[in-house]
Amino acid sequence: MYATLFVLGFRRWSAYRTAALGAAFTNCVFGLIRSAVMIAVVGTAGGALAGYDIATTATYVWLGQALIGPVQLFTWTELAQRIRSGDIAVDLARPVDPMLAYLAADLGRAVYSLLPRCVPPLLMGALITGLTLPHTPGPYLLGAVSVAIASALSFACRWLVNLTAFWLLDLRGPMTLYLVLSGVLCGLVVPVRWFPHWLAVVADCTPFPSLLQAPIDVITGKGGFSTVLTQALWLGALLGLGWGIFALGARKLVIQGG
């Protein structure tokens, strides 16, 4: 059943090819802007900053732009809308765990977005600034696992934010707070390694570095099995928390008119 939902998630998002290409174009444009700014920062710092030189900084930027789509670092409110409208009652009546069903569909979305959302930024980066990547298959194989876990972990985070709709009428506040915190602490703005010590400690106490910094580190050879293990532990913890909070919210659910 979950395999079928995975395929349906893939097919659902593959219907929006023009939107995917438009998003890839946007990622490329912002990649050019971010790489120019961050390369200038590294150049001002003397050519190296916290273990990143100009080449590795550019590689970090373009890998981050390529992973924005599969990992889905931005908003998702489908569950919250169904809770608010009462349509969640249909999900509760189905003979399938709602969280796992949504997760399977979201992973299908992530797999589809690999081609139209990942390839253009990487090609742009290779042509404009060049990419510094490993020459052995190990980091790429482990990186594929890391990206898969990061995509599932992103879903778990967004699922938890959406669950606040059981108790709040408006999700805009929690979702905005989530986008700000995750966007900074995951390493999208600058690498987590550039953070001051106190902020790096705060980031390490959250799952957010596992969304972007971790898979980039694994792909570039800066991270290894321990990095992927940390991601997996966060994933298990947040999925368990999400399942528990969903069960708690479903117990107090009130549907309009019934």
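Everything below is about the structure printed above this text.
The rules we used
Residues numbered from 1 in each chain as written. Predicted model: local features only at pLDDT ≥ 70, side-chain atom pairs only at ≥ 80, totals over all residues. Heavy atoms only, no water. Helix = DSSP H or I, 4+ residues; strand = E, 2+ residues; numbered from the N terminus. Rg over C-alpha atoms; globule rule 2.2 N^0.38 Å. Buried < 20%, exposed > 50% of the residue type's maximum accessible area, 1.4 Å probe, protein only. Contact = heavy atoms within 4.5 Å. Areas by Shrake-Rupley, 256 points an atom, 1.4 Å probe, with all protein chains shown as cover. Lys, Arg positive; Asp, Glu negative; His and termini not counted. Charge placed at Lys NZ, Arg CZ, Asp CG, Glu CD. Salt bridge = Lys/Arg side-chain N within 4 Å of Asp/Glu carboxyl O. Patch = residues over 30% accessible without salt bridge, like charges linked within 9 Å, V, L, I, M, F, W, Y side chains within 5 Å.

*Asks:* Which parts of the structure should I look at to understand the overall build of the protein chain?
*Replies:* Looking only at helices and strands, one finds 11 helices and 2 strands in the protein chain. For the protein chain, the succession of helices and strands along the chain, N to C, is α-α-β-β-α-α-α-α-α-α-α-α-α. On C-alpha atoms alone, the protein chain measures out to a radius of gyration of 19 Å, which is about the 18 Å that the 2.2 N^0.38 rule sets for 258 residues. Split into buried and exposed, the 258 residues of the protein chain put 46% on the buried side. Within the protein chain, contacts between residues separated by at least 24 positions form 80% of all contacts whose residues are at least 6 apart in sequence. Carbon and sulfur atoms make up 72% of the accessible area of the protein chain, which totals about 12,700 Å². When the 15 basic and 9 acidic side-chain charges of the protein chain are each reduced to a single mean position, those positions are 5 Å apart.

*Asks:* What's the story with the pattern of salt bridges in this structure? I'm lost.
*Replies:* For side chains bearing opposite charge, pairing can occur when the charged atoms are close. Scanning all chains against the criterion turns up 7 salt bridges. Put simply, R82 and D91 hold a salt bridge, and the shortest N to O gap is 2.9 Å. Each member of the pair, R82 together with D91, is buried. Between R158 and D106 there is a salt bridge whose closest N-O contact spans 3.1 Å. One end of the pair, R158, is in helix α7 (residues 138-163); the other, D106, is in helix α6 (residues 98-128), and 52 residues separate them in sequence.

*Asks:* Looking at this structure, I do not really get a nonpolar patch on the surface. What am I missing?
*Replies:* A surface patch of nonpolar side chains, about 550 Å² in accessible area, is lined by F25, V29, F30, I33, V37 and V41. Tracing the backbone shows V37 in helix α2 (residues 17-44).

*Asks:* Please explain the environment of L177 as it appears in this structure.
*Replies:* On the secondary structure map, L177 appears in helix α8 (residues 172-185). Separated by 43 residues in the primary sequence, L177 and P134 have C-alpha atoms spaced 36 Å apart.

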